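The chain contents come next:
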Amino acid sequence: MTNDNIAIIGAGSWGTALAIHLSKKFKKISLWVYENDLCEIIRKERENIWFLPEFIIPENIIPENSLELVVKNKSCILMVVPTPALRNIVTKLIPYITPDTLIINASKGIENDSLTPCHKIIEDTLKIPLKLATISGPTFAKEVAAQVPSAILAASKSSETTKIVQKMFSSQNLKVFTSEDIMGVEIGGALKNVIAIATGVCDGLGLGFNTRAALITRGLVEIARVGTKLGAKPETFNGLSGLGDLVLTCTGDLSRNRQLGVQLGQGKSLRDLTKNMRTVAEGISTVKSAHKLIHKLNIQASIMEETFKVLHENIGINHGSITTIHNLTNSQTLVDIPHNDLRSCLLYTSD
């Protein structure tokens, strides 16, 4: 692997921010832009005005509409696309992938039909031995592009691969840690978006900081339950891709998932909130996978269950009197509790 050329697939906010970050380390970055109009805008204006405005895109980042032009003869491909589109795009890359290609996933999600995380989608689609890693952690695209001090995890089943990725992304402003628990890192990165929506709803309802802390803490328990059932290491969820990413997404105003939840809590409808959005909050799709997983794995996860109902079964959100946090850490399973509004559903949860 050389620092001459890298392909980045996806020019949303995160893909663009990573391209800007890596532009100091690679001579040329080929950036695949899905939208024809946006590709032309980036070429002419040197700015991604749709997804990451106010940041100059360096001249060594070359936007292209053609996947073939972007990935052909590249030794490293960074995938930064929405999870629902990942399998289809990886399928189109098959002619250009060899066992020596390093593929790095930067997407966060779980496929709705197969219930598989991103690295498994890539493995299952390519069907060849390859170098594969994931990067994840508590990072907002805008702050990485602005060179705010940040930290991420590079995860792979191969320690050699994690070291390559660590060296590639490390800079004065970005600290890169390593992990061999790629499953845990991806599950944490995906499911935190579901908890962020739930936390946002409670903020939108004005329930206060106590409620937010309770939701984040209990949400982490639910994420760990799912991850460990899928073979992840429990300690992974206490790190950057678990607790770190969860805290950031549940509390940061730059979080699309949290902001969606806040507006739902204030009485707006999901349909109205999403009909004109260029960038949809990932948790809207991920909560479908979470809902299927917790039933398939027989896991109690009340927050994920009720967040699914709010988003996809049109359960109402009660704006009446504040519900008391009750038996939040009770070791017994609670029964016969009237779950007649979102706050009760989220807060009446147990171990």
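Residues numbered from 1 in each chain as written. Predicted model: local features only at pLDDT ≥ 70, side-chain atom pairs only at ≥ 80, totals over all residues. Heavy atoms only, no water.

To continue, consider the pattern of salt bridges. If you walk through the whole model with that rule in mind, you get 15 salt bridges. The salt bridge involving Glu111 is made with Arg87; its shortest N-O contact spans 2.7 Å. Taken together, the residues Glu111 in the loop between β7 (102-105) and α5 (118-126) and Arg87 in helix α4 (residues 83-93) connect sequence positions 24 residues apart. A relative accessible area of 13% places Glu111 in the buried class. Three or more residues joined by partner-sharing salt bridges are found here, namely Lys120, Glu123, Asp124 and Lys157. (Salt bridge = Lys/Arg side-chain N within 4 Å of Asp/Glu carboxyl O. Helix = DSSP H or I, 4+ residues; strand = E, 2+ residues; numbered from the N terminus. Buried < 20%, exposed > 50% of the residue type's maximum accessible area, 1.4 Å probe, protein only.)

With that settled, consider unusual backbone geometry. Phi angles above zero are rare outside glycine, and Asn73 is one such case at about 65°. Although it is not a glycine, Gln147 sits at a positive phi angle of roughly 65°. Its place among the elements puts Gln147 in the loop between α6 (141-145) and β9 (150-155).

By the secondary structure assignment, Val144 is in helix α6. Residue classification places Val144 among the buried residues on the basis of a relative accessible area of 8%. When the C-alpha positions of Val144 and His21 are compared, they lie 7.2 Å apart, and in sequence the two are 123 residues distant. Contacts of Val144, omitting those with residues within four sequence positions, involve Trp14, Ala17, His21, Thr139 and Ser150. (Contact = heavy atoms within 4.5 Å.)

The next subject is the packing of aromatic side chains. Applying the stated criterion across every chain, the model contains two aromatic pairs. Where Trp50 meets Phe51, the ring centres are 6.3 Å apart and the plane angle is 75°; that geometry is what we call edge-to-face. Look at Trp50 and you get partly exposed, because its relative accessible area is 24%. The buried category is assigned to Phe51, whose relative accessible area is 14%. (Phe/Tyr/Trp six-rings, centres within 6.5 Å; stacked < 30°, edge-to-face > 60°.)

Looking now at the sheet that holds strand β2 (residues 28-32). Spatial ordering of the open sheet is given by β5-β2-β1-β6-β7-β8-β9-β10, a layout of eight strands whose pairing is mixed. With one partner strand each, in any of the chains shown, β5 (61-64) and β10 (174-179) form the two edges of the open sheet. On average, each strand axis in the sheet is inclined to that of its neighbour by 25°, with strand direction left out of account. Note: β7 against strand β8 (residues 131-136), four bridges, orientation parallel. The residue bridging Leu102 from the neighbouring strand is Lys131, located in β8. (Pairing = 2+ DSSP bridges. Axes fitted to C-alpha atoms, helices over the stretch in contact; angles between N-to-C directions.)

Okay, the confidence of the model for the chain next. The predicted structure's coordinates, where accompanied by low pLDDT, should not be read in detail. On average, residues of the chain score 90 in pLDDT, and 89% of them are at 70 or above. Every residue in residues 319-340 is under pLDDT 50, and counting partners more than four places away or in other chains gives 43 contacts. (pLDDT = per-residue confidence, 0-100.)

Before going further, it helps to spend a moment on helix α11 (residues 256-265). Among the 10 residues of α11, seven are classified as buried, and the element is accordingly described as predominantly covered. For α11, the set of buried residues is Asn257, Arg258, Leu260, Gly261, Val262, Leu264 and Gly265. Where α11 terminates, the next one or two residues include Gly267, which has phi positive at roughly 105°.

Let us now look at the packing of helix α8 (residues 182-204) against helix α10 (residues 240-251). As a packed pair, α8 and α10 sit with axes 8 Å apart at the nearest point and diverge in direction by 30°. The pairing of α8 with α10 is recorded here as roughly parallel in orientation. The chirality of how α8 crosses α10 is right-handed. In this structure, α8 uses Gly184, Val185, Gly188, Gly189, Lys192, Asn193, Ile195, Ala196, Thr199 and Asp203 to contact α10, whose residues at the interface are Ser241, Asp245, Leu246, Thr249 and Cys250. (Parallel < 35°, antiparallel > 145°, perpendicular 65-115°, else oblique. Left-handed = near helix turned anticlockwise from the far one by under 90°.)

Turning next to helix α7 (residues 159-169). Those residues of α7 not exposed but buried are Thr161, Thr162, Val165, Met168 and Phe169. The arc that holds the buried residues of α7, viewed along the axis, is 125°, so those residues lie on one side. For α7, the exposed residues lying more than 90 degrees away from the buried face are Glu160, Lys163 and Lys167. (Arc of directions from axis to C-beta.)

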